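A look at the structure
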Amino acid sequence: MTRRRIAIACGVGLLVVVGALGVGGFLLHDTAKPASIQDAVQRFQAGGAGGGRLDGVYVYATKGGESIDALGGAHHRYPSTTSVTAVGAACGLKLRWDALRGRSTTWTLCTTRDGVELGTEEVVHTFFGQADDTVYTCAGSELLRSGSFACRSARGREDGTVRILGRRSLEVGGKAVNVLHVRTVARISGGDQGSETVDWWLGTATGLPIQVGFTSRTSRKTFVGRVHYAEDAELRLLSLTPRR
């Protein structure tokens, strides 16, 4: 069984609630609709349906949600199942998690001489009909050994550490999968401020996330004052066979 080395720095961009006040001072209505797994499959197929052995749409049992305290506050509960779409990228593999329409995170994992590192991370949030899209460019240590990482966006940066917490076996669809448990802890500074902790259980044979748990607490100064964002989520892979 081969080991795939991955470096992942995690960050959550806080929504800018610009334009959240409508004409005449009325609040825009906030809604959140689940991202369709079938839509993810169709998007994968429309994109050329990559031929890599890991390519496809993976389904995860999901718990958690996100919230902000601006304009009276809003909370989005994530659906019970969400998708992660894996496709080949120029430098390695791209993983896109879709939870809601307007809530996604995309990681580009690049193969390097020393292993696989996170090249970029794009985080999208939507509240009150206003989308916030933050792209991070990252450099960090490999995920199979403890170290540090740094990511930069147009608004600020993340600096954090990687800790290896051990190996174990998890069951996925009735099959035992060997995983490596890794924890990343990031401090966010600049335009956004706060922290994020992510626990990854990565398949040692494939590098795919078998389970993910994350907690984020960030804030940003806006024209309506300092806005606080919170996110807590747990993902658990339901099948090793992707939908295509």
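A brief report on the enclosed structure follows. (Residues numbered from 1 in each chain as written. Predicted model: local features only at pLDDT ≥ 70, side-chain atom pairs only at ≥ 80, totals over all residues. Heavy atoms only, no water.)

Focus on the overall build of the chain
What the chain contains, in helices and strands, is one helix and 13 strands. Ordered by position in the sequence, the α and β elements of the chain form the string α-β-β-β-β-β-β-β-β-β-β-β-β-β. Counting over 244 residues, the chain shows a buried share of 50%. Contacts in the chain between residues at least 24 apart in sequence constitute 53% of all its contacts with a sequence separation of at least 6. As displayed, the chain has an accessible area near 11,200 Å², and 50% of this comes from carbon and sulfur atoms. (Helix = DSSP H or I, 4+ residues; strand = E, 2+ residues; numbered from the N terminus. Buried < 20%, exposed > 50% of the residue type's maximum accessible area, 1.4 Å probe, protein only. Contact = heavy atoms within 4.5 Å. Areas by Shrake-Rupley, 256 points an atom, 1.4 Å probe, with all protein chains shown as cover.)

Looking at unusual backbone geometry
Within the chain, Leu 71 stands out as a residue other than glycine whose phi angle is a positive 55 degrees. Within the fold, Leu 71 resides in the loop between strand E1 (56-68) and strand E2 (74-77). You can call Leu 71 partly exposed: its relative accessible area is 22%.

A closer look at the pattern of salt bridges
Under the criterion given, the structure shown has 10 salt bridges. A salt bridge links Arg 103 to Glu 231, with the shortest nitrogen-to-oxygen separation between them at 3.1 Å. On the criterion of sequence distance, the pair formed by Arg 103 in strand E5 (residues 103-112) and Glu 231 in strand E13 (residues 225-237) is long-range, its members being 128 residues apart. Salt bridges sharing common partners tie together Asp 132, Arg 155, Asp 192 and Arg 220. (Salt bridge = Lys/Arg side-chain N within 4 Å of Asp/Glu carboxyl O.)

Things to note about helix H1 (residues 37-46)
Residues Ile 37, Ala 40, Val 41 and Phe 44 constitute the buried set of H1. End-on view of H1: buried residues confined to an arc of 100 degrees, all on one side of the axis. With its phi angle positive at about 110 degrees, Gly 48 sits one or two positions after the end of H1. (Arc of directions from axis to C-beta.)

Overview of the state of the cysteines
Per the stated rule, a full pass over the model turns up two disulfides. Through a disulfide, Cys 91 is tied to Cys 110; the S-S separation comes to 2.0 Å. Around the S-S axis, the bridge from Cys 91 to Cys 110 shows a dihedral of about -50 degrees and counts as left-handed. Placement of Cys 91 in the loop between strand E3 (81-88) and strand E4 (92-100) and of Cys 110 in strand E5 is noted, with a sequence separation of 19 residues between them. A sulfur-sulfur separation of 2.2 Å characterises the disulfide bridge that pairs Cys 138 with Cys 151. Negative torsions about the S-S bond denote left-handed disulfides, and the value of about 110 degrees found for Cys 138 with Cys 151 makes this one right-handed. (Disulfide = S-S within 2.5 Å.)

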